[in-house]
Amino acid sequence: MGSASRLRRIAWLSVALIIAGPGVGAASDPLEGFIDPSDGQFDVSDYLLNKRGFLLNPIVITEPAIGYGGGATLLFFHGDEDDSAREEGEPLGLPPSISFALGAGTETKSWLAGGGHFGSFREDSIRYLGAAGYGSFNIDFYVGSRDIGYGLDGFFVLQELQFRVAESDFFLGGRYVFSRLESEIDFGISVPDFIPTEFDFDSSGFAPIVRYDSRNNIFTPSDGLEVELSPLIYREELGSDRSYEIVSAKTRIYRQVHERVVLAARVDAELSFDGTPFFALPAISARGVPATRYQNEYAVSSEFQGRWRVWERWSLIGFVGLGWSGGDIDALESSEFVPSGGGGFRYLLARLLGLHMGMDFAGSEDEFVFYFQIGTGWQ
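Residues numbered from 1 in each chain as written. Predicted model: local features only at pLDDT ≥ 70, side-chain atom pairs only at ≥ 80, totals over all residues. Heavy atoms only, no water.

### Quick notes on a negative patch on the surface
- Residues D153, E182, D200, E236, E237 and D241 make up a contiguous surface patch of negative charge.
- Positionally, D153 belongs in strand β6 (residues 146-164).
- Owing to a relative accessible area of 30%, D153 belongs among the partly exposed residues under this scheme. (Patch = residues over 30% accessible without salt bridge, like charges linked within 9 Å, V, L, I, M, F, W, Y side chains within 5 Å. Areas by Shrake-Rupley, 256 points an atom, 1.4 Å probe, with all protein chains shown as cover. Salt bridge = Lys/Arg side-chain N within 4 Å of Asp/Glu carboxyl O. Lys, Arg positive; Asp, Glu negative; His and termini not counted. Charge placed at Lys NZ, Arg CZ, Asp CG, Glu CD. Helix = DSSP H or I, 4+ residues; strand = E, 2+ residues; numbered from the N terminus. Buried < 20%, exposed > 50% of the residue type's maximum accessible area, 1.4 Å probe, protein only.)

Below you can see the structure in the form of structure tokens.
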């Protein structure tokens, strides 16, 4: 065995031990079950789907809004016993059900712990997502060029249910969100429509969902279209301390233009209305852009991405983005155009799931950050 092959085997053995834990060491060959017979490459499909294993995804936080830190997400894949494609060694035709838990913390003493479940039922005619968590966040809010620190402590609950319309790619459903937050803030300046001192705030809202999803994979699509419209309506009648609305729309397009090249684009837009608390205002969301740096009454975020498979299961990623935020809140900038961009790499970690994992390195005029990614890097 050549030195390059030995180094590659040692690297994949390290990954296998991280994924599977101490129990792997009991096998005669620690990599047994982690090699895909179709191409001889390292693969965790059999471990996740047949052996009911856990996938540990490290989290490295470089987000300027909350500081540097880290954590981990633990994923458990519920295999479908009736999926014949899996038994024949072919990629799954339906999304798997996944349970997850996560924990993370940063240098600013911000932290989050939570978990949830995504379920796909009746041949993907019903989709369910439930999540809950508790956290404490020390965040910068920007008023013009001035950043003001504040803290939020509390918990959140999310429940979402969608139903496929007949045999089409359309889904109809609803989303319920609830959060209870505590904070103490002293801005030191007058900020209209904002909460200036200590407060407890309950948000409770419901959003009807209209969704179109023709993606060929939920993790790292290579073809298809995803569009979603969801006006989130918070009402005192539902238990919210304030009535307000935030309308969200998102679009993702994926197209395989060559057997090795996939192009993709996304556009996200959010519009808030009177009464929206400052911490819930829309913000530009793109890799390389600080999460709360550009908030206002509305925000539009776009990214364009290319993925090029350069060798076996390895791919290179390149992306550029443009964000825009604006509104009539006097204390904030009237409008902002923010470019961003970067690159990274992916490895096809689980062929039957179509699951890629890797890293992205991104920057904007404000920051340079990096991310561990599962899938495309888009939520």
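Once you've had a look at it, read on.
### Details of the pattern of salt bridges
- Under the counting rule described, the total for this entry stands at 25 salt bridges.
- With a shortest N-O distance of 2.6 Å, R351 and D36 are connected by a salt bridge. Placement of R351 in the loop between β14 (335-350) and β15 (355-364) and of D36 in the loop between α1 (3-20) and α2 (45-49) is noted, with a sequence separation of 315 residues between them. D36 matches R351 in its accessibility class, with the two residues each being buried.
- Beyond isolated ion pairs, a larger network of salt bridges with shared partners links D124, R127, E160, R164, D169, R175, R211, D213, R215, E226, E228 and K250.

### Focus: the pairing of strand β8 (residues 199-213)
- Judged from the 14 bridges that link them, strand β7 (residues 170-183) and β8 form a sheet pairing that is antiparallel. When the sheet's bridge partners are listed, S183 is paired in β8 with F199. (Pairing = 2+ DSSP bridges.)

### Concerning the packing of aromatic side chains
- As enumerated under the stated definition, the model contains 16 aromatic pairs in all.
- Pairing F54 with F76 gives two aromatic rings, centres 5.0 Å apart and planes at 45°, and the pair type is tilted. Residue F54 is found in strand β1 (residues 54-61), and its partner F76 is found in strand β2 (residues 69-78); the two are separated by 22 residues along the sequence.
- The partly exposed category is assigned to F54, whose relative accessible area is 39%.
- Taking relative accessible area as the criterion, F76 reaches 18% and is therefore assigned buried.
- With a centroid separation of 4.3 Å and an interplanar angle of 15°, the aromatic rings of Y234 and Y244 are classed as stacked. With Y234 in strand β9 (residues 224-234) and Y244 in strand β10 (residues 244-258), the pair connects residues that are 10 residues apart, well separated along the chain. (Phe/Tyr/Trp six-rings, centres within 6.5 Å; stacked < 30°, edge-to-face > 60°.)

### So, unusual backbone geometry
- In this structure, K109 is a non-glycine residue whose phi angle is positive, near 65°.
- Looking at where K109 falls in the secondary structure, it is placed in the loop between β3 (97-106) and β4 (111-121).
- In this model, E123 sits at a positive phi of 55°, which is unusual for a non-glycine residue.
- Mapping E123 onto the fold places it in the loop between β4 and β5 (126-143).

### Considering the environment of D360
- With respect to the helices and strands, the residue D360 is situated in strand β15.
- Along the primary structure D360 and G318 are separated by 42 residues, whereas in three dimensions their C-alpha atoms are 8.8 Å apart.
- The residues touching D360, leaving out its near neighbours within four places in the chain, are R287, I317, F319, G343, G344, R346, V369, F370, Y371 and Q373.
- There is a polar contact of 2.9 Å between the side chain of D360 and the side chain of R346.
- At 3.2 Å, the side chain of D360 and the side chain of Q373 are in polar contact. (Contact = heavy atoms within 4.5 Å. Polar contact = N/O pair within 3.5 Å; in protein donor to acceptor, adjacent residues only side chain to side chain.)

### A few points about the nonpolar core
- One finds V44, L48, L55, F77, L349, L353 and L355 to be the most contacted residues of the largest nonpolar core, which totals 19 residues.
- When contributions to this core are tallied by element, the ones reaching two or more residues are α2, β2, β14 and β15.
- Counting residues in each nonpolar core, the second largest holds 18 residues, with I61, I139, F201 and L232 among its members. (Core = buried A, V, L, I, M, F, W, Y, C linked by side-chain atoms within 4.5 Å.)

### Quick word on the environment of G105
- Among the secondary structure elements, G105 is positioned in strand β3.
- Between the C-alpha atom of G105 and that of G71, which follows or precedes it by 34 residues, the distance is 6.4 Å.
- Apart from residues no more than four positions distant in its own chain, G105 is found in contact with I61, G69, G70, S110 and W111.

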